[in-house]
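For reference, the chains in residue letters:
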Amino acid sequence: MGMKDKFQDQSEQWQQQAKEKARGRQREEQGQEQEQEPQRSGRPRDEETERLRREEEDRFNQDYDA
């Protein structure tokens, strides 16, 4: 395996770990929000959770696309 492949593999591992950490933080934050405010706007919580997940994923992808 060449050096380029080695660094690329390591970079992919770090990106995956960062995604997993971001998802864990997001779940923790959502859990705290649910305890404080079960439903703010009357929408089902799943839609809000999905929207937040997509936004976080988009921000993460923008960081690594450059």
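To keep things clear, this report deals only with the structure shown in the data block. Bear in mind that the values here come from a model prediction, so they are computed numbers and not experimental data. (Residues numbered from 1 in each chain as written. Predicted model: local features only at pLDDT ≥ 70, side-chain atom pairs only at ≥ 80, totals over all residues. Heavy atoms only, no water.)

### A word on the overall build of the protein
No. 1: Tallying secondary structure elements over the protein gives two helices and zero strands in all.
No. 2: Sorting the 66 residues of the protein into buried and exposed places 9% on the buried side.
No. 3: For the protein, the accessible surface area stands at approximately 5,800 Å², while carbon and sulfur atoms represent 43% of it. (Helix = DSSP H or I, 4+ residues; strand = E, 2+ residues; numbered from the N terminus. Buried < 20%, exposed > 50% of the residue type's maximum accessible area, 1.4 Å probe, protein only. Areas by Shrake-Rupley, 256 points an atom, 1.4 Å probe, with all protein chains shown as cover.)

### Remarks on the pattern of salt bridges
Side chains bearing opposite charge may pair, as long as their charged atoms lie close to each other.
No. 1: Within this structure, the stated rule accounts for seven salt bridges.
No. 2: Salt-bridge contacts for Glu 48 lead to Arg 51; the nearest nitrogen and oxygen are separated by 3.4 Å. Linking Glu 48 with Arg 51, this pair stays in helix α2 (residues 45–65), spanning three residues, or about one helical turn.
No. 3: According to the relative accessible area criterion, Arg 51 is partly exposed, its value standing at 29%.
No. 4: Salt bridges sharing partners connect three or more residues here, namely Arg 23, Glu 50, Arg 53, Arg 54 and Glu 57. (Salt bridge = Lys/Arg side-chain N within 4 Å of Asp/Glu carboxyl O.)

### Digging into the environment of Gln 30
No. 1: If you trace the backbone, Gln 30 turns up in helix α1 (residues 3–36).
No. 2: On the basis of relative accessibility, which here comes to 11%, the residue Gln 30 falls in the buried class.
No. 3: In the structure, Gln 30 is positioned 15 residues away from Arg 45 in sequence and 9.6 Å away in space, judged by C-alpha atoms.
No. 4: If near-sequence neighbours (up to four positions away) are discounted, Gln 30 is found in contact with Thr 49 and Leu 52. (Contact = heavy atoms within 4.5 Å.)

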